[in-house]
Amino acid sequence: MVVRQRPAKRRGSQPLTPIDAKDALDGVLNDISALDSQLDESTKALTGRTPDGKAFAVPKTRDMLQSLFNPLTPKTSFDMATLAMLSTHMIVAFVFPLATKRWILMAAFAFWRLCYNGGLGWILNWQSNRHGLVALFKRNGWLDPSRGGKIYLWLKTELEAKMGPDYSFESVPIEFNVWLLYRQLVDLILLNDFAAYFFLCSCYLGSAKDSEPWHTYLRISGGIILLVFNLWVKVDAHRVVKDYAWYWGDFFFLIEQSLTFDGVFEMAPHPMYSIGYAGYYGGSLITGSYTIFYASLAAHMLQFLFLSFVENPHIEKTYERPPLAVQVIQKSRNRRLSSAAFDHEKCINGSVSVNSITSADASSFANVSVAAACETRSSIRERPASLWHPDLIVFKNFDLFRASDILIVLLLLYSVGIPLGFMWFTGNKRFVLVYSIFQCICWILFRTLVLGYLLRKQSTSQLITRWFIKRGGNGEEAFSSWRAVYNTVTIMTYGSFSLVGIAAYHWGDALVSNLVLFHTLGLLLTAFHVWSSRSVYEVLGDFGWFYGDFFARDPSMLSLAPADFKLYYTGIYRYLNDPEKVIGQAAFYGLALISRSWAVFALALLLQVCSFLFNTYVETPHMQKIYGAQVRRDSGIVRTVKNAVNKGVGQSVFVEGQNGAAEAPDVHLLSQQQRQGESLSMVDLLTSTARPVKDILLETKGLLSTTTARLAEKTLPSELSKIDHLNLYDIKLLPGAAWRMTWSGKNSVSNKNLRHMYYLGETIRVTWQAPVNHSRRDWIGIYPVTANFSNQITTVSSKGCYVYTHPDDNLLAEMVVGDSVFAGFVKTVAKVKDASGSDDYASVAGLTNGNSVERNGTFAKGGSRKRNSSITTTVQVLQGEALFSSSALPFKVGTYEMRLHHGGTHAVLAQSKPFEITVCETQDIVRALSQQREESDTIIETSVQQEGPDDLEYLSQALLHVINKTFAVTDSHTVALSAESPVAIAVSNGHMGVDDTGDVAVQTEIVEPLESVDDVFSVDGALDEKQARRLGYAIKEYLGVEFASDVLIHAAKHGATVLDVAKRVVEARKALSAYSSATF
């Protein structure tokens, strides 16, 4: 759970005047009344809100330790089960012999730790992404009085026994009750995890063999200090987050009050998972056992994996950056509201009639807007190349064909590679060590003293900028040159340190245990250094990383400058004022441990001292001059320690004034600154040897898939034989834009000879037919035509490209915003003749949502497995449609097929004809991907014919459509059915099956994020890696220009618009067209 920091109040040191004294007394009285009001507010119940928007009063929960270990508290079945499992660890620790119980307790600790990080992590991830745990209870009705039966009564009794008088089982939403039940599972796993670790440590007490008594005292004292510190961290963390966040409550519901970000949360990021595991290492010190240390380290690493793959993604999408679908749908709804309000105002004022705007007017208006935008916007060639070609940051964004990057590699080879080769061939380590130490000292002094002097002069007199202006340059070139110099010096500092470490590496006859320990600690320090550097860069961005505020004090002066020049203590800066000064040399101390060299340690200490001087005499004065009072005196860690020493009690937890979720602590507000040789080489030889191995693996995989399919086919007849009217299941493809354009170009070609084609990113619509008693879990998947070996069963994953044909309440319980898998719906209920060879699709009703709909044609007679029968029966069937859009579409050019599956299984009921996903020619993009109706196609086509495919105005519109198709999302929501709808009538007559409710239907709309070419080509000013790869592929296929994902991410971060990207595409096409035989 995440919390928000309360702004600190600065106190002056001036003496009080009589008026000041009176004001101070009034302030004290006001503070007392404020405290009284806070006490009154604390007695009020918190307000929670479920994902569907339902508000409720959050009852208070009881302390877990009190309810478990207080003998006066009544125990529930969950409590008894937890206590029974705890007692088993105690029995093992006291009954079994030492060697046996060590193995048993180690296995128990591994089991409970995997249950915690693996089991609970999977449940939480399922709940976060799909509301999975709540949906499970909804589907089975365990918390429904009409369906739950004895399970309902038992769960109700258990929960009411653990809650207070303000709790009512029936009045709180199901999300809260499921969370309470999840708490019982958490208590069981976490307490047993702790008990297993505690008794495991007790088995290793006294196993250490210290050479001196004072070693023992020092080791045990350090362990006790870490245990006490760990206890304080856990207690203070629970004081801040309470049970709600302690038990991951925000995975189930949100509270409409924010948490105060104070106490231990200002000391370290995610303190319960970072410094909150200090007790593990305290236990390792007390026992003196390497076994306990490595077990503790492994458990801690698992906890960080849990944080990275479960908590952090949930925090990001809940508090920081909502998922793409949520942002696109919200922007669309806001545009509609604004447009409706604007049209309403214009109609009232009588300035224009809404109905008077024709499609031609709209089209010409759009063309004029694009032309105006092209004229008013500055060319992308006038903007610095750094917006499109990211700078080298250490080795991030390395470009093999960029001159500066190649020179850095050559410099490393000369200064590090050649000495290593000399040492390897001659064995003269002493000479190389002396040379490497001298070189490392030079780079340290150059990085801190020389560059520090230049930055100081830049701060006071703009020395570097004046130098470039004097010689015909400008501020942008000065900053660009500085970035290259600073990064080169940084790389050379790291390289020279590595050379010293390799030359000084020696262990001799050291114990293997010490060697492994020192290497482990060194690698941990190196990993910590990498994490801290990445954290600093995430907060500062390119501009702050290269000290950009020494070169510009106004956002308009440099292209990489942020929108405003303000200090935001976010991310790692929340805990440390200057992480580089404090922990920026951790990797070098780690290298000293790995190499067992005092020389490396001395160099690391020299770099730390020089960095301290650099910060004191260069960076701090400049920060004071630029930001003034915004500069913070005490870091988060210092404030926490002071509060713990002086008060011992933190501030209140909940703060009024915020409706909705709390703000994440790690919101990065500054993230926007942000040949083949003639002879066969050894690499070729190894590669040629590896190819047969790869072929063997691929053949083995194919053989396994074929065998699986054949075995599954033998079991299919018994399963499918239970399905009535199997031959009535069918799916057919509906024409798309590519299909219509192919037909318009081949009027003389028969419909049977037409290829089924769809454009990349285009929504695919299909019609389906099934008996009325079909399973509501029937689904359609899309697969490459060569992926499956059997027509009877599907043997490969759909990779998310599937849609439920007729979802019900049980399935819709897992629906989240942006879901594209619940896009199937019923259009008609019809009567057909089974096994008669004739079709009688006499419609008995219209659409389920009450709108009149024309039928889109008839279905094929029978399926691929038609039964032989001489008896003709009339059967009611459902006929509907399904939409494949957004994430349900395969985003790759190729040939595919659709398969209709039975009831959540992979048993195939029907298959579609193969179809192609392709791209159109550049000059056809606007006409092909436009959302306008066919009647306005002539207008667009006329406009296209007047412009070439490399025309900026046209290409920007084409690119807008490509981006919209790439980032389009599905907006599905449920609607109630009227009692007169055909599906509702079929349900009431008992024709829909016992597991069907049929009281809701799903309406689906495809929402595109961008409106004009002046919009930033990302949805929220940022692209993640997956979105950037998807967009890069679409641009490559449609426009013939390939952009690396890093380039798109960097350009989006710096506000590049669709028009900017179009200009880049035009330039690229012109540069490549003269030297390429490809047709653009």
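Residues numbered from 1 in each chain as written. Predicted model: local features only at pLDDT ≥ 70, side-chain atom pairs only at ≥ 80, totals over all residues. Heavy atoms only, no water.

An unreviewed UniProt entry annotates the protein chain as Phosphatidylethanolamine N-methyltransferase originating from Coemansia asiatica. In its Function (unreviewed entry) section, UniProt records this for the protein chain: "Catalyzes the first step of the methylation pathway of phosphatidylcholine biosynthesis, the SAM-dependent methylation of phosphatidylethanolamine (PE) to phosphatidylmonomethylethanolamine (PMME)." According to the UniProt record, the Pathway (unreviewed entry) comment for the protein chain is "Phospholipid metabolism; phosphatidylcholine biosynthesis." (UniProt positions renumbered as here; feature names shortened; annotations may be inferred.)

J.: Please explain the nonpolar core as it appears in this structure.
T.: Burial of nonpolar side chains together is a common tendency in soluble globular proteins. Counting residues in hydrophobic clusters, the biggest one holds 76 residues, and the most contacted among them are I764, F884, M898, F915, I925, F1017 and Y1038. Residue contributions to this core peak at eight residues, all from helix α27 (residues 952–967). Y116, L159, A195 and Y244 belong to the second largest nonpolar core, which has 70 residues in total. (Core = buried A, V, L, I, M, F, W, Y, C linked by side-chain atoms within 4.5 Å. Buried < 20%, exposed > 50% of the residue type's maximum accessible area, 1.4 Å probe, protein only. Helix = DSSP H or I, 4+ residues; strand = E, 2+ residues; numbered from the N terminus.)

J.: Help me understand the pairing of strand β1 (residues 46–49) in this model?
T.: Consecutive residues of a regular strand have side chains that alternate between opposite faces of the sheet. Across four bridges, β1 lies against strand β2 (residues 55–58) in antiparallel orientation. Looking across to β2, one finds that T47 is bridged to A57. Counting the residues between successive antiparallel strands, the hairpin from β1 to β2 contains five residues, one of them, G53, with a positive phi of roughly 95°. Where β1 and strand β3 (residues 254–255) come together, two bridges link them in antiparallel fashion. Across the sheet, residue R49 finds its bridge partner in β3, namely L254. (Pairing = 2+ DSSP bridges.)

J.: Help me understand a nonpolar patch on the surface in this model?
T.: On the surface, a nonpolar cluster with roughly 1100 Å² of combined accessible area is contributed by F395, F398, L400, F401, I406, L407, V409, L410, L413, Y414 and I418. Along the chain, L410 turns up in helix α13 (residues 403–426). With relative accessibility at 38%, the residue L410 sits in the partly exposed group. (Patch = residues over 30% accessible without salt bridge, like charges linked within 9 Å, V, L, I, M, F, W, Y side chains within 5 Å. Areas by Shrake-Rupley, 256 points an atom, 1.4 Å probe, with all protein chains shown as cover. Salt bridge = Lys/Arg side-chain N within 4 Å of Asp/Glu carboxyl O.)

J.: Looking at this structure, how should I read unusual backbone geometry?
T.: The phi torsion of most residues other than glycine is negative, and most of the peptide bonds are trans. Its identity as a non-glycine residue notwithstanding, H131 has a phi of 50°, on the positive side. With respect to the helices and strands, H131 occurs in the loop between α4 (98–130) and α5 (132–140). A positive phi angle, close to 55°, is found at V394, a residue other than glycine. Relative to the helices and strands, V394 is located in the loop between α12 (359–376) and α13.

J.: Teacher, can you tell me more about the environment of L499 here?
T.: Within the secondary structure, L499 sits in helix α16 (residues 475–504). The spacing of L499 and V432 is 67 residues in sequence and 8.6 Å in space, taken between C-alpha atoms. Apart from the residues lying within four places of it in its own chain, the contact partners of L499 are S415, V416, P419, L420, V432, Y435, S436 and Q439. (Contact = heavy atoms within 4.5 Å.)

J.: I keep staring at the packing of α27 against helix α31 (residues 1058–1073) and nothing clicks. Help me out?
T.: Helix packing for two helices is described by the angle between their axes and how far apart those axes are. Contact geometry of α27 with α31 gives a least axis separation of 9 Å together with a crossing angle of 115°. For the element pair α27 and α31, the recorded crossing hand is right-handed. Of α31, the residues touching α27 (which contributes L952, L955, S956, L959, L960 and I963) are V1058, L1059, V1061, A1062, K1063, V1065, V1066 and R1069. Grouping the constituent residues of the contact of α27 with α31 by class yields 11 nonpolar, one polar and two charged. (Axes fitted to C-alpha atoms, helices over the stretch in contact; angles between N-to-C directions. Left-handed = near helix turned anticlockwise from the far one by under 90°. Nonpolar A, V, L, I, M, F, W, Y, C, P; charged D, E, K, R; others polar.)

J.: How do you make sense of helix α14 (residues 429–461) when you look at a structure like this?
T.: Note on helix geometry: an α-helix contains 3.6 residues per turn, so any two residues three or four positions apart are oriented the same way. Between its first and last C-alpha atoms α14 spans 46 Å; for 33 residues at 1.5 Å apiece the expected length is 48 Å, and the two agree. For α14, the capping residue at the N-terminal end is N428, with a side-chain oxygen 3.1 Å from the backbone nitrogen of F431. (Expected span 1.5 Å × (residues − 1). Polar contact = N/O pair within 3.5 Å; in protein donor to acceptor, adjacent residues only side chain to side chain.)

J.: Teacher, can you tell me more about the sheet that holds β3 here?
T.: As a general point, the strands of a sheet are linked pairwise by backbone hydrogen bonds and lie either parallel or antiparallel. Spatially, three strands are ordered β2-β1-β3 in an open sheet, and the strand pairing comes out antiparallel. Taken across any chain shown, the strands that pair with only one partner, and hence form the sheet edges, are β2 and β3.

J.: I'm lost on the pattern of salt bridges in this one. Help?
T.: Pairs may arise between side chains of opposite charge once their charged atoms sit close together. Throughout the structure, instances matching the rule amount to 14 salt bridges. The salt bridge partner of R447 is E580, with a shortest N-O separation of 3.8 Å. Highlighted residues: R447 in helix α14 and E580 in helix α18 (residues 579–583), separated in sequence by 133 residues. Here E897 ties to R899 by a salt bridge, and the two come within 3.0 Å at their closest N and O atoms. Put simply, R765, K827 and E881 are held in one network by salt bridges that share partners.

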